[in-house]
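Topology and contacts: notes
Listed below, chain by chain, are the residues.
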Amino acid sequence: MRRVSTELRPSILDDLGILPTLSWFFREFEAACGGIVVEKAFNVAEHEVPVPLKITLYRILQEATNNIVKHAGADRVRVRLERVDEVLHLLIEDNGCGFDPDSIEYVEGQGRGLGLLSMTERASFSGGTYHLASIPGQGTRIEVSWPCGQFSG
Ligand SMILES: Nc1ncnc2c1ncn2[C@@H]1O[C@H](COP(=O)(O)OP(=O)(O)O)[C@@H](O)[C@H]1O
Ligand SMILES: [Mg+2]
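Conventions and cut-offs
Residues numbered from 1 in each chain as written. Chains lettered and ligands numbered in written order. Predicted model: local features only at pLDDT ≥ 70, side-chain atom pairs only at ≥ 80, totals over all residues. Heavy atoms only, no water. Donors = N, O, S within 2.8 Å, 3.2 Å for Na, K, Ca; no water. Helix = DSSP H or I, 4+ residues; strand = E, 2+ residues; numbered from the N terminus. Buried < 20%, exposed > 50% of the residue type's maximum accessible area, 1.4 Å probe, protein only. Pairing = 2+ DSSP bridges. Core = buried A, V, L, I, M, F, W, Y, C linked by side-chain atoms within 4.5 Å. Contact = heavy atoms within 4.5 Å. Near = heavy atom within 4 Å. Polar contact = N/O pair within 3.5 Å; in protein donor to acceptor, adjacent residues only side chain to side chain. Areas by Shrake-Rupley, 256 points an atom, 1.4 Å probe, with all protein chains shown as cover. Nonpolar A, V, L, I, M, F, W, Y, C, P; charged D, E, K, R; others polar. Axes fitted to C-alpha atoms, helices over the stretch in contact; angles between N-to-C directions.

Within the first shell, the magnesium ion (ligand 2) binds the protein through E63 (OE) and N67 (OD1), at distances of 2.1 to 2.5 Å. Taken together, the residues span about one helical turn, with E63 and N67 both in helix α4 (residues 51–72) at a distance of four residues. For E63, a relative accessible area of 18% puts it in the buried group.

Following this line, the structure appears as structure tokens:
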């Protein structure tokens, strides 16, 4: 898992695109985390994903899957990427232990909370809207939406 998740920018992303990269990443993830089943639904064409968002998507998913391995104890993960009209939607959810998001506050100098903060910041810096929902005992869901009009022209 460390090998998969610390590779900062896989060359497959530049060479083949985000869809082959995500297929590869989640195949490796399932192989490395025996027992976690990943339901993948990528309902988007490669050219419908704005180029500047590709690495952002990848990094957000890296952090989310890191957290699932480290904290969730899940056996099922659902990841979905789709484009509806001009909006690109990303969803990643697990059926693990969940947590109370209000109890997590990033304090400088302490590691905890930095991963969640980095996902929020990557989403907002790239023009997206980030939403995390988690309930103890009921898993965790992260959704990010990007209006794609901002990337054209
Ligand atoms: N998918 C998840 N399932 C359960 N708990 C989670 C999940 N994601 C995050 N958490 C909780 O939120 C905390 C903060 O996550 P994060 O900011 O990534 O920091 P770190 O992973 O370094 O602890 C974690 O320590 C954990 O308690
Ligand atoms: Mg983390």
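Anyway, onward from the coordinates.
The next thing to look at is the pairing of strand β5 (residues 140–147). Burial along β5 is one-sided: the face carrying T140, I142, V144 and W146 is buried and the face carrying R141, E143, S145 and P147 is not. Judged from the eight bridges that link them, strand β3 (residues 87–94) and β5 form a sheet pairing that is antiparallel. Residue pairing for β5: L91 is matched across the bridge by E143. Direction of pairing for strand β4 (residues 129–134) relative to β5: antiparallel, over a ladder of six bridges. In the strand pairing of β5, S134 is matched with T140. The antiparallel hairpin formed by β4 and β5 contains five residues in its connecting segment, where G137 sits at a positive phi of about 90°.

Here we come to the nonpolar core. In terms of nonpolar packing, the biggest core is built from 38 residues, with I18, F26, L57, L81, L88, I92 and W146 touching the most fellow members. For L57, the contacting residues outside a window of four places in its chain are I18, V49, L81, L88, L90 and W146.

Moving on: the site of ligand 1. Around ligand 1 there are 18 residues in total, and N67, H71, D94, G113 and L116 lie nearest to it. Here H71 contributes a side-chain N or O atom positioned 2.7 Å from an oxygen atom of ligand 1. In isolation ligand 1 has 530 Å² of accessible area, and contact with the protein removes 88% of it. With six residues, the single largest contributor to the shell around ligand 1 is α4. The residue makeup of the shell around ligand 1, split by class, is seven nonpolar, seven polar and four charged.

We note that D85 has phi near 50°; this positive angle belongs to a residue other than glycine. Exposure remark for D85: the relative accessible area of 69% places this residue in the exposed category.

A few words now on the sheet that holds β5. The strand order across the open sheet built from five strands is β1-β2-β3-β5-β4, with neighbouring strands paired in mixed fashion. In this open sheet, the two edge strands, each paired with only one partner strand, are β1 (37–43) and β4. Each neighbouring strand pair of the sheet contributes to a mean axis angle of 10°, computed without reference to strand direction. On the sheet, helix α5 (residues 114–125) packs against β4 and β5 and is oriented at approximately 150° with respect to β4.

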